[in-house]
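Examination of the molecular architecture
Next come the chains, spelled out residue by residue.
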Amino acid sequence: MNRAVSYTAGELAVSGRDNIPSELLSGAGLVYSSPATLAYNSPGAEGYGVKRAALSVPESVMLIVAPGCCGRNTSLVSNMPGYRNRFFYLLMDETDLVTGRHLTKVPEAVSEVVSFLDGLEGAGVPKAVMICITCVDALLGTDMERVARSCETALREAGYKDTRVKPCYMYALTREGNRPPMVHVRQTIYSLLPECRKDPQAVNILGSFAPTRSDDLVSILNSAGYKTIRQLGDITAYDEFMKMGEASLNIVTNPEARAAAEDLRVRLNIPYVELTRVYDAEKIDRQYRSLIKALGAGDINSAEEQRDRARSAAEKLRQQFPETVFAVGSCCNADALELSLSLVRMGFKVSEIYTAIDPAQFVYVRKLAELSGNTRIYCNMEPTMINYDVSASCAHVSVGKDAQYYNPGIAGVSWNSDVQPFGYQGLADLLTQVYDRLREEHR
Amino acid sequence: MKGLRKCLTPFAPDQSGAVSVLYELGGIIVVVDAGGCTGNICGFDEPRWQNSKSAIFSAGLRDMDAILGRDRLLVSKIVSAADRIEARFVAIVGTPVPATIATDYKALKRMLEKQIDLPVITIETNGMRLYDVGETMAYKALIEEFRDRERPSGRNDSKLILGATPLTYGNSYLPMTIEDYYGIDSGIEAVAASTSGIEACKVCGLKYTVECNMAHEYCEEGRLRGRVLVVHDEAFGLTVKNRYKGYCETASFFAHGQRRLDEEDDFTRLVREGGFDTIVADSCLAPLVPFYHGAWVDAPCFAISGRLL
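Nothing here was measured: the structure is a model prediction, and the numbers come from that model. Numbering of residues starts from 1 in each chain and follows the order in which that chain's sequence is written. In the order they appear in the text, chains get letters beginning with A and ligands get numbers beginning with 1. Selection of residues for local features in this predicted model requires a pLDDT of at least 70, selection of side-chain atom pairs for listing and counting requires 80 or more, and totals for whole chains, interfaces and linings are taken over all residues.

1. Considerations on the overall build of chain B
When its secondary structure is counted, chain B shows 12 helices and 13 strands. Values of the radius of gyration come from C-alpha atoms, whereas the globule rule sets the reference at 2.2 Å times the count of residues to the power 0.38. Its C-alpha radius of gyration of 20 Å places chain B within 12% of the 19 Å reference for a compact globule of 309 residues. Evaluated residue by residue, chain B yields a buried proportion of 52% over its 309 residues. Two residues form a contact once the distance between their C-beta atoms, set from the backbone, is within 7 Å. Across chain B, the fraction of contacts at a sequence separation of at least 24, relative to all contacts at a separation of at least 6, is 69%. In this description a helix means any DSSP run of H or I spanning at least four residues, a strand means any run of E spanning at least two, and both kinds are numbered starting from the N terminus. Neighbour counting defines burial: a residue surrounded by 20 or more other C-beta atoms within 10 Å of its own C-beta is buried, one with 12 or fewer is exposed, and intermediate counts give partly exposed, using backbone-placed C-beta atoms.

What follows is the structure, given as structure tokens:
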């Protein structure tokens, strides 16, 4: 039996950025399907995929126009709070695939859905209908923008003149392209924002679909004069969502929101600043100082409370569990390589990392090699992961759902909540959770 | 409106049915998709997946692979995996992407068989049909590929039960091994435990009886009364009908020989016009008939609601 393929950080650093082994690259081979890759294969099965993301628009519903297989797991989301009567389906058959006739049925289907909701007790006319299409229409070259316009015309004729219709593209085929689905869906969502009078004290955080929680970031923005901070995940009414167009600045906390921020810069003249989620306290500090410099206002000391919390959490963990060895996965709210490097810099050990490596992340591999050359890097997708041998690991605690899957017998922190951690607060919360799990394990 | 679903979520598709039959047989199962179909199959339709390993892979197709029809790349990925993983066979399972680009499965099979020393079966599912069709296709492919092999001695032939996968039977499914498909000939008597079992027996020319053990508990004294409607799998319906002494009508979303339901409205109309006293069906169908006030015997069907028995 072949063992699961892995490389040490030292081996990778020697071979270099341009020679990353194919086993560690995304999309180079077959993708092994295990619970550790579920979030990669099917982002909607855990957290936010395109369907749930598009429904972040308050008071919206979705019509999924696709073969039945594409909507099958939507049952999971449909049963979650807040998603009742929000998913509808127009199922494609083989004739649709050949003739494209399903597209002519979409306006009628949208009208029927809106009319149905209008008459349904406890529902009401939706403010937006998101039409979700999938790989099949990607290959057919469907112009869904045009179909969406036809839907709006049909709705106007039916008396629903305020309901917007927007396409969203669940094109798994393009996940490693220039505009992958999770980038595109953000562009779609924010394309609904109208031109508004600017409020110099209003700022948007564009990141995930659930809120980003960081008291330190909020404090710094407050100290720079931004008193109204909006983010999609906090907003429950469509009219309030529209007010995001008033912002005089967008803060991008997830690279997948960059294209949407650029669209808003061009269309609504809202500039943006991009921040990266990191778990290295020094980097967090440097990033906040750069932000203050870019804004021309703000007080670095306003983040003091959370900075001290993070320092205390690190100190407490180091004192109580100084020899802690981590296994770090990529199914968590962190860049697995950056988090591992940060943990090593804090004085801990990282025995395994489970992640595909993008050449842009290689800087972390190189630095890890200097400090922890024997750290082993596996790729969840690699076929030989079916033979992964947990007994080879010496980790005491895992971070990430995938790392938990591979290391079932040790303390585990999944760290993959919908709500997004950020900054010092994120670092403090993570280390506190690790401490708590290790305490439980040692009892 | 045909194809429009306002209440029910889509049912288990053919590709999930195919994988359900192939799971735990020891093969390398390659779902020819970009990842989402594999995620749906494993993360939703395959209850065994969380607790037992099976070599299921996504082909990891990207747009240019599909547009340019890079079959050689797919074959090289499969060969690379087959070289490093122990397996009894390779199964290629279709999805909407190969259906759209008209992938030549026979060519894939031939190309692979030249490069690896394993049997290769292909199942041309397309994600648009239902799970029973995919299961039937998988049974047919397995029987055709392995029926010429010598049946292991001591195997009790009367135990050949087709169609008892988790998609119909939930946790009460009956596990099979690849040897179960060895040496199957027309002399073997099979039990068709679901729609796919019935169809597989038909297409493979096997003698069979229809029996769905899972349905027995629903026929117990006192559970059913008056005019009964059963909406479930075809074998489930037939089993209840054969045991119930009163009037019993059966219909199914997965039927070939019974009254076939396709749309939500078909079920609504059937109940409105049928005058039934008892309905035996998955309770997720109840919102479609708010006017119905008779008895409802909940018979979860995983392929419909995703609820396990």
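Once the structure has been displayed, the description carries forward.
2. Looking at the overall build of chain A
Looking only at helices and strands, chain A has 19 helices and 17 strands in total. By the compact-globule yardstick of 22 Å for 443 residues, chain A fits well, its C-alpha radius of gyration being 23 Å. Across its three principal axes, chain A shows a C-alpha extent of roughly 70 × 60 × 45 Å. Within the span of chain A, comprising 443 residues, buried residues form 52% of the whole. Taking the intrachain contacts of chain A between residues at least 6 apart in sequence as the baseline, contacts between residues at least 24 apart amount to 73%.

3. Some thoughts on the domain arrangement of chain B
Residue and element names in this part refer to chain B. Where each domain starts and ends comes from a domain assignment, either automatic or drawn from a database. According to the domain assignment, chain B consists of domain 1 (14-144), domain 2 (157-213) and domain 3 (215-305). Taking only C-alpha atoms, the centre of domain 2 and the centre of domain 3 are 23 Å apart. Contributing elements (two or more residues each) for the side of domain 2 that touches domain 3: α8 (166-169) and α9 (195-203). In terms of residue count, α9 provides more of the side of domain 2 that touches domain 3 than any other element does, 4 residues in total. When residues are sorted by character, Ala, Val, Leu, Ile, Met, Phe, Trp, Tyr, Cys and Pro go into the nonpolar class, Asp, Glu, Lys and Arg into the charged class, and all the rest, Gly among them, into the polar class. Among the residues making up the side of domain 2 that touches domain 3, the classes are represented as 7 nonpolar, 7 polar and 2 charged.

4. Observations regarding the nonpolar core
We define a nonpolar core as a collection of buried residues of the types Ala, Val, Leu, Ile, Met, Phe, Trp, Tyr and Cys that are connected via C-beta atoms lying within 7 Å of each other. With 244 residues, the main nonpolar core has A:Ala54, A:Leu63, A:Val129, A:Ile131, A:Cys132, B:Ile29 and B:Val30 as its most contacted residues. Ignoring anything within four residues of it in the chain, the contact list for A:Leu63 reads A:Phe88, A:Leu90, A:Ala109, A:Val110, A:Val113, A:Val129 and A:Ile131.

5. Overview of the interface of chain B and chain A
Each partner contributes to the interface: chain B provides 53 residues, whereas chain A provides 52 residues. Looking at the side of chain B that touches chain A, the elements with two or more residues in it are β1 (4-5), α2 (36-45), β3 (56-58), α3 (63-68), α4 (71-84) and α5 (96-101) of chain B. Of the residues assigned to the side of chain B that touches chain A, the class counts are 25 nonpolar, 19 polar and 9 charged. In the sheet, strand β4 (residues 87-91) of chain A pairs with β1(B) via 2 bridges, with the strands oriented antiparallel. Bridge pairing in β1(B) places A:Leu90 opposite B:Leu4. Here, strands pair whenever DSSP counts at least two bridges between them.

6. Here's the deal with the sheet that holds strand β11 (residues 259-260) of chain B
Residues and elements named next belong to chain B. Ordered by their spatial adjacency, 5 strands build an open sheet running β11-β10-β9-β12-β13, and the pairing between neighbours is parallel. Across the chains shown, the open sheet's two edge strands, defined by having one partner strand only, are β11 and β13 (295-298). For strand β12 (residues 278-281) and β13, the ladder comprises 4 bridges, and the chain directions are parallel. Note that in β13 the partner of Val280 across the bridge is Val297. Only C-alpha atoms enter the line fits that serve as axes; for helices the fit covers just the stretch in contact. Angles between N-to-C directions range over 0 to 180 degrees. Against the sheet, helix α10 (residues 234-243) contacts β9 (228-231), β10 (248-252) and β12, and its axis sits at roughly 175° relative to β10.

7. Describing the environment of B:Leu130
All names here are of chain B. Here Leu130 lies in the loop between β5 (120-123) and α7 (131-146). Separated by 117 residues in the primary sequence, Leu130 and Pro13 have C-alpha atoms spaced 4.3 Å apart. Excluding residues that lie within four positions of it along the chain, Leu130 makes contacts with Phe11, Ala12, Pro13, Asp14, Phe253 and Phe254.

8. Re the domain arrangement of chain A
All names here are of chain A. Segmentation of chain A into domains returns domain 1 (6-30 + 304-442), domain 2 (45-180) and domain 3 (199-275). A separation of 29 Å is found between the C-alpha centroids of domain 1 and domain 3. Listed per partner, the contact involves 11 residues of domain 1 and 11 residues of domain 3. Those elements giving two or more residues to the side of domain 1 that touches domain 3 turn out to be α15 (304-320), β17 (420-421) and α19 (423-442). The element best represented in the side of domain 1 that touches domain 3 is α19, accounting for 4 residues.

9. Details of the environment of A:Ser351
All names here are of chain A. With respect to the helices and strands, the residue Ser351 is situated in strand β13 (residues 349-354). Residues Ser351 and Ser393, 42 residues apart in the sequence, show an inter-C-alpha distance of 7.0 Å. Dropping the residues within four chain positions of it, Ser351 is found in contact with Val325, Ala327, Thr375, Arg376, Ser393, Cys394 and Ala395.

10. Digging into the pairing of β10(B)
Looking along a regular strand, one sees side chains alternate from face to face of the sheet. All names here are of chain B. Counting buried residues along β10, 4 of its 5 residues qualify, which places the element largely inside the surrounding structure. When β9 meets β10, the two strands line up parallel, connected through 4 bridges. Counterpart to Val228 in the pairing with β10 is Cys248. When the strands point away from the viewer, a crossover counts as right-handed if the route from the first strand across the helix to the second turns clockwise. What joins β9 to β10 is α10, and the crossover it makes is right-handed. Pairing between β10 and β11: 2 bridges, direction parallel. Pairing of Ser252 across the sheet is with Arg260, part of β11.

11. Overview of helix α7 (residues 102-118) of chain A
Residues and elements named next belong to chain A. Compared with the 24 Å implied by 1.5 Å per residue over 17 residues, the 24 Å span of α7 between its first and last C-alpha is a close match. Of all the bends in α7, the largest measures some 25° and sits at Glu108. Among all positions of α7, only His102, Leu103, Val106, Pro107, Ala109, Val110, Ser111, Val113, Val114 and Leu117 are buried. Residue count minus one, scaled by 1.5 Å, sets the expected span of a helix. Bending is quantified residue by residue as the angle between axes fitted to the seven-residue window ending at that residue and the seven-residue window starting at it.

12. A look at the sheet that holds strand β2 (residues 31-32) of chain A
Ordered by their spatial adjacency, 5 strands build an open sheet running β2(A)-β3(B)-β2(B)-β4(B)-β5(B), and the pairing between neighbours is mixed. Two strands in the sheet have a free side with no partner beyond their single neighbour: β2 of chain A together with β5 of chain B. Where α4(B) meets the sheet, its contacts fall on β2 (28-31), β3 and β4 (90-93) of chain B, and the angle it forms with β2(B) comes to roughly 155°. Against the sheet, helix α6 (residues 105-115) of chain B touches β4 and β5 of chain B, its axis set at about 165° to β5(B).

13. Some thoughts on the packing of α4(B) against α6(B)
Residue and element names in this part refer to chain B. Running from N to C, α4 and α6 point in directions that differ by 40°, and their axes come no closer than 10 Å. Comparing their axes, α6 and α4 come out oblique. Where α4 crosses over α6, the handedness of that crossing is right-handed. Residues Asp71, Val75, Ile78 and Val79 of α4 pack against Ala107, Leu108, Met111, Leu112 and Gln115 of α6. Broken down by class, the residue content of the contact of α4 with α6 amounts to 7 nonpolar, 1 polar and 1 charged. An angle below 35 degrees is read as roughly parallel, one above 145 as roughly antiparallel, one from 65 to 115 as roughly perpendicular, and any other as oblique. In a left-handed crossing the near helix is turned counterclockwise from the far helix by less than a right angle, and in a right-handed crossing that turn is clockwise.

14. Observations concerning unusual backbone geometry
Apart from glycine, the bulk of residues carry a negative phi angle, and the bulk of peptide bonds sit in the trans form. All names here are of chain B. Notably, Glu24 is not glycine yet its phi reads approximately 70°, a positive angle. Checked against the element boundaries, Glu24 lands in the loop between α1 (14-22) and β2. Of note in this structure, Ala102 is not a glycine but carries a positive phi near 55°. Residue position: Ala102 is located in the loop between α5 and α6.

15. Some remarks on the environment of B:Met111
Residues and elements named next belong to chain B. Tracing the sequence through the fold places Met111 in helix α6. For the pair formed by Met111 and Phe276, sequence separation is 165 residues and the distance between their alpha carbons is 56 Å. Beyond its immediate sequence surroundings of up to four residues, Met111 is in contact with Asp71 and Val75.

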